[in-house]
Amino acid sequence: MESKFAENLKSLRHEKKISQGEVAKLIGVTQQCVSEWEHKKTEPTLTCLWLLADLFGVSIDVLCGRVDW
């Protein structure tokens, strides 16, 4: 099963109308890190998943595409 994390992260970010740089600043990573997640080059740590889920007001399961939002 392929993760939908990258697609969901980008969609949630666009929905909130915030840039990769803003996401990065809010969770304490670099803009390049967020870009690599969205381009499926790397995956976030569990801590980053928690922070992203809190930032977007969704569960980690939603963020990773295990359930729809």
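Now for a look at the structure at hand. Just so we're clear, the structure is a prediction, and the values are computed from it rather than from any experiment. (Residues numbered from 1 in each chain as written. Predicted model: local features only at pLDDT ≥ 70, side-chain atom pairs only at ≥ 80, totals over all residues. Heavy atoms only, no water.)

## Focus: the pattern of salt bridges
And then number 1: Taken as a whole and assessed by the stated rule, the structure comprises two salt bridges.
And then number 2: With its nearest N and O atoms 2.6 Å apart, the salt bridge here joins E38 to R13. Taken together, the residues span a long stretch of sequence, with E38 in helix α3 (residues 31–38) and R13 in helix α1 (residues 5–16) at a distance of 25 residues.
And then number 3: Taking the shortest distance from any N to any O, the salt bridge between D61 and R66 comes out at 3.3 Å. (Salt bridge = Lys/Arg side-chain N within 4 Å of Asp/Glu carboxyl O. Helix = DSSP H or I, 4+ residues; strand = E, 2+ residues; numbered from the N terminus.)

## Topic: the packing of α1 against helix α4 (residues 46–56)
The packing of two helices is summarised by the inter-axis angle and the distance between the axes.
And then number 1: For the pair α1 and α4, interaxial distance at closest approach is 11 Å and the crossing angle is 35°. For the pair α1 and α4, the sense of crossing is left-handed. Of α4, the residues touching α1 (which contributes F5, L9, L12, R13 and K16) are L49, L52, L55 and F56.
And then number 2: Here the contact of α1 with α4 is built from residues that sort into seven nonpolar, no polar and two charged. (Axes fitted to C-alpha atoms, helices over the stretch in contact; angles between N-to-C directions. Left-handed = near helix turned anticlockwise from the far one by under 90°. Contact = heavy atoms within 4.5 Å. Nonpolar A, V, L, I, M, F, W, Y, C, P; charged D, E, K, R; others polar.)

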